[in-house]
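Notes for the structure review
Next come the chains, spelled out residue by residue.
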Amino acid sequence: MYMAYGWPQVIPLESGLCPTSEQIIYLKAINRLLLVVSPSHIELWSSSQHKVRLGKYKRDSNSLHREGENLQAVWSPDAKLIAVLTSSFFLHVFKVQFTEKRIQIGGKQPSGLFLATISLLHSEQVPFVNKDLTMSNIVCDNKHMLLGLSNGSLYMISWKAEFCGGFEIDFCHASSTLDEKAYYLNNGLSAKPSILQLELSLSLRLLFVLYSDGKLVLCTVSKKGLKHAELIKFENWVGSGDAVCASVASEQQLLAVGTRRGVVELYDLAESASLLRSVSLYDWGYSVDDTGPVSCIAWTPDNSAFAAGWKSRGLTVWSVSGCRLMSSIRQIGLSASSPMVKRNQDCKYEPLMGGTSLIQWDEYGYRLYAVEEGSSERILAFSFGKCCLNRGVSGTTYVRQVIYGEDRLLVVQSEDTNELKFLHLNLPVSYISQNWPVLNVVASKDGMYLAVAGLHGLILYDIRSKKWRMFGDVTQEQQIQCKGLLWMGKLIVVCNYVESSNSYELLFYPRYHLDQSSLLCRKPLLAKPIVMDIYEDYILVTYRPFDVHIFHVKLSGELTTSTIPDLQLSTVRELSIMTAKSHPAAMRFIPDQLPREYISNNCISSSSDLLTREPARCLILRANGELSLLDLDDGRERELTDSVELFWVTCGQSEEKTNLIEEVSWLDYGHRGMQVWYPSPGVDPFKQEDFLQLDPELEFDREVYPLGLLPNAGVVVGVCQRMSFSACTEFPCFEPSPQAQTILHCLLRHLLQRDKSEEALRLAQLSAEKPHFSHCLEWLLFTVFDAEISRQNANKNQMSVLRSDTKFSLLERTCDLIKNFPEYLDVVVSVARKTDGRHWADLFSAAGRSTELFEECFQRRWYRTAACYILVIAKLEGPAVSQYCALRLLQATLDESLYELAGELVRFLLRSGREYEYASTDSDKLSLSPRFLGYFLFPSSYRRQPLDPKSTSFKEQSAHVASVENILESHASYLMLGKELSKLVAFVKGTQFDLVEYLQRERYGSARLENFSSGLELIGQKLQMGTLQSRLDAEFLLAHMCSVKFKEWIVVLATLLRRSEIFENFLREQVLFDIFRYDMRLWKAYSVTLQSQSAFAEYHDLLESLEEKLSSIPSMEEMQ
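Residues numbered from 1 in each chain as written. Predicted model: local features only at pLDDT ≥ 70, side-chain atom pairs only at ≥ 80, totals over all residues. Heavy atoms only, no water.

Of the regular secondary structure elements, the chain holds 31 helices and 54 strands. When each of the 1120 residues of the chain is scored for burial, the buried share is 56%. Contacts spanning at least 24 positions in sequence make up 57% of the contacts within the chain whose residues lie at least 6 apart. Here the chain displays about 48,800 Å² of accessible surface, and carbon together with sulfur accounts for 48% of that area. (Helix = DSSP H or I, 4+ residues; strand = E, 2+ residues; numbered from the N terminus. Buried < 20%, exposed > 50% of the residue type's maximum accessible area, 1.4 Å probe, protein only. Contact = heavy atoms within 4.5 Å. Areas by Shrake-Rupley, 256 points an atom, 1.4 Å probe, with all protein chains shown as cover.)

Okay, the environment of Cys1042 next. Inspection of the secondary structure assignment puts Cys1042 in helix α25 (residues 1028-1043). The spatial distance from the C-alpha of Cys1042 to the C-alpha of Val996 is 9.7 Å, given a sequence separation of 46 residues.

Over its 17 residues, helix α16 (residues 879-895) extends 24 Å from the first C-alpha to the last, a length consistent with the 24 Å expected when each residue adds 1.5 Å. For α16, the complete set of buried residues consists of Ser882, Gln883, Cys885, Ala886, Leu887, Leu889, Leu890, Ala892, Thr893 and Leu894. (Expected span 1.5 Å × (residues − 1).)

So, on to the environment of Glu22. Along the chain, Glu22 falls in the loop between β2 (9-12) and β3 (26-30). Distance in space between the C-alpha atoms of Glu22 and Gly374 is 6.1 Å, their sequence separation being 352 residues. Those residues in contact with Glu22, other than ones at most four positions away along the chain, are Gly374, Ser375 and Ser376.

What follows is about the pattern of salt bridges. Between side chains of opposite charge, a pair can form as their charged atoms come close. Under the criterion given, the structure shown has 37 salt bridges. Put simply, Arg367 and Glu406 hold a salt bridge, and the shortest N to O gap is 2.7 Å. With Arg367 in strand β28 (residues 367-372) and Glu406 in the loop between β30 (402-404) and β31 (408-413), the pair connects residues that are 39 residues apart, well separated along the chain. Take Glu406: its relative accessible area is 6%, and that puts it in the buried class. Taking the shortest distance from any N to any O, the salt bridge between Asp633 and Arg573 comes out at 3.2 Å. Separated by 60 residues along the polypeptide, Asp633 in the loop between β47 (627-631) and β48 (637-641) and Arg573 in strand β44 (residues 566-576) bring together distant segments of the chain. (Salt bridge = Lys/Arg side-chain N within 4 Å of Asp/Glu carboxyl O.)

All right, on to the pairing of strand β35 (residues 459-462) then. Burial of the side chains of β35 extends over both faces: Ile459 and Tyr461 are buried on one face and Leu460 and Asp462 on the other. Looking at chain direction, strand β34 (residues 449-453) and β35 are connected through four bridges and run antiparallel. Looking across to β35, one finds that Tyr449 is bridged to Asp462. Once β34 ends, the chain turns through five residues before running back antiparallel as β35, passing Gly457 with a positive phi of about 65 degrees. Pairing of β35 with strand β36 (residues 467-469) involves three bridges; the strand directions are antiparallel. If you follow Leu460 over to β36, its bridge partner there is Arg469. (Pairing = 2+ DSSP bridges.)

A separate point is a positive patch on the surface. The grouping of Lys143, Lys160, Lys224 and Lys227 at the surface amounts to a positive patch. Within the element layout of this structure, Lys160 appears in the loop between β13 (154-158) and β14 (163-167). Note on Lys160: relative accessible area 63%, which makes it exposed. (Patch = residues over 30% accessible without salt bridge, like charges linked within 9 Å, V, L, I, M, F, W, Y side chains within 5 Å. Lys, Arg positive; Asp, Glu negative; His and termini not counted. Charge placed at Lys NZ, Arg CZ, Asp CG, Glu CD.)

Another aspect to go through is helix α12 (residues 824-833). Across the 10 residues that make up α12, a large majority, nine, are buried. What α12 keeps buried is the set Tyr824, Leu825, Val827, Val828, Val829, Ser830, Val831, Ala832 and Arg833. Buried-residue contacts for α12 involve α9 (773-794), α11 (810-818), α13 (840-847), α14 (850-859) and α15 (863-876).

By themselves, these observations are geometric and do not establish any function.
Now the structure itself:
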């Protein structure tokens, strides 16, 4: 699959002679060349490693005035001829020739690039010049060109500039419905809409004709191509009637149709052009009003993904399954209306902000060229890397996730699954400069070695030592044209193409030495292989149409740097399968799965014949996405599923004890998401209906594409796109970001379903230290419990039968498994909060009584978890029990200074009596709230009400409310006596305790200050006034003390705050007048106290300020 990386590159174009249409009209990449046709000139660029202009043809002003601007163009398949139709209906045929003038790029080695000349061969006026027609694009084969006209007809022209005449598609003799025929027949041929686009697939012998009214026609063509116009026959109508563009994927037999609605529709041409699926940016918050209609579509060279551009904004790359791989449009949010992002003045905007007019992939899929709507000055080139999909002749392990670009590797560093990241690994310049681009990458079984092959030769990389190994002899390297790579233990197997004899062979090299002298074996192949695979000592080679050969490799001797062992290859099986299905895209051996306990009990070593015996089955992934199982003994093939893009065979691939996926046979990914396949314990171990496919729990985000597995962590590693913006660049940087998704809960559930509780416990213990283990346990219990609820709802008449078997139910076994881990108490109550309260009785009948679980949390001092059980207890055991538990928990949380949690318990207790029934009803509706008590249970208007024992509701609930009041007042007295004022503030804020009323009652009790000097010193030490939070706490207490006119505290707190303005403010309220003006003795005592002790020297400036303000008071009175 394809992921964008790096910054988009800009290819500058020459400016034209100011034509009326400032728009590039044609863009095409063939044979490492890029052709760009503008209204006034033609440019030929290299699309290889070095992007340079090789040649150009520029028309003069007289030619433009006489013959019109370039309007449509097409490039011959052999890249030797270019045909251009002008706005004045002139046909120009150009010839492309390369000179002997080599372009010097730099470095020691020659570049291999030569200058080209573009010369005019023919210039003729077309016969329909006087008919006032417009033209569609042009399609071609090696001999002829075909274009559509605005009168609904097609016109044929040869590459020799011979005009073969026009013709119309005959709808009268088609096998379509009467309504479809009548659409054009009733309006007459003259009323037929104009043709907007033609799309040709010579391999499928199909021609698609798109009309201006949005209707798309599928026609068949002759085996000989476009030569015989009379053999172009109407077959079917395709699409929903609002098509604006189309592109065909010949290898996958898919048709992508862009619509006016901004949606791309995929049609299966192998199934009568039926609709497969639709993709759009609707779910990412962008509608057709933001992007406009689809303007262009281009498939990747291997047809596994396609790019779609929109008329008004941006482009996106999708996989066939509908995964969004790349998008130039910034993601604002999912399923939300997102406004268009405007360019800012710094030009830091997204690419193709003005829309996309043309897009084209290079022949390797490493570059996506795009032209912005209305632009004729530049082309944007987006760099892409490919994911190793285990297809074709190359195979790789799933434990090492690699994306490879044209000259680099992006390797996932998975040592820490908490933080996966990509390592950019640049290939040696000495190799890639001569063998560009990278064509094959394969990782060894343990993921510690990488084999990389370019145009010629191959190189190896040791991940541990971080060193490359290459051929010492460049001549030997150039003799190898690698078409596929496979690892066989310490050997690297190369599928080599011998150009001199047009044949293929297998080469076996040891990984420690790449040289002809170390070649262990050379095995000629019968033909070009289409699929290869290796398991242990067996090699599978498949030829067209479907001939399977299996070889056994016997290595005699030690494989060391000092000795060269003898390698013998013998054929052990040949199978020829006759089928009408599409050809295989990948095949993988399926080894027999032997349980670990069976191996240990029977003393079987990993090297025994039983473990390494020839596999009797293999998986087949066909080009159309069909996954099937092939029995190699009798040749029977059994279909499993369809719409699969990739799969990983996991059974028998690892002997490590920490492998968490040994029970899995394989995993596959497609438009349904991820599916896990397990062997059935029945007689037929691979019967389709006996498989358990767990796709609901493994739905990948449609932005994350899976790359591989980490078996020791039990996670699937995927990749998604991120964009970073910089002030110094015009465009953002595209950054692939690895993501991890656990499958542990699926594996545990599978084992429990098969009544393998001991194996499940052992697997869970291996995973206990892995990231997200608690989350996996929670998902395990939730999915099991949710399935139990669904079964009960679907079969209510058998409710009693289901409940009678709960002792042996999957839910019971799941709870027994999770009880072995300390996360159990959190997991159970978390699952309860995610489910309907009406089903809690079923959950806790298996998990244990809610009061017992609460008590265990309480004894472990897990008070937050214990608080979550309060509502469950209220629901299952009644309000009295829940109130008792809440009171105990309230006292404990106060002792631990957990005041926010204590406040939630207070609010629960105040309401759990009179309004309990109401609260229970609400709890069922709000069971997914993140705050279990307080915010979860009560309206916000009630939460802010302080304790009011005089209120009616307080008196009605005096029994348990009095207990709450006593607990709170006791704790307040404890804090006040110890002068723990910061805790007191937190306590008041968390529990909404009425501090004013308490201070009024306790003025001469626990709140009394015995001595000003000692009180000032003690409170200063407790509050630590150097911090902002302490000053805020002092302000909070001062406000409350002022409200009750507690002058001792006012003086102390105001002094600590050094806030002389506080005194000035309170002068207006006649508070401190009574303290200092009418009690000068108090003022003198206050002044003497602060002046007499050296510890209070910091307050001397405060005294001076106060004395100045107090001395001015008499004069203010006289003025009054």
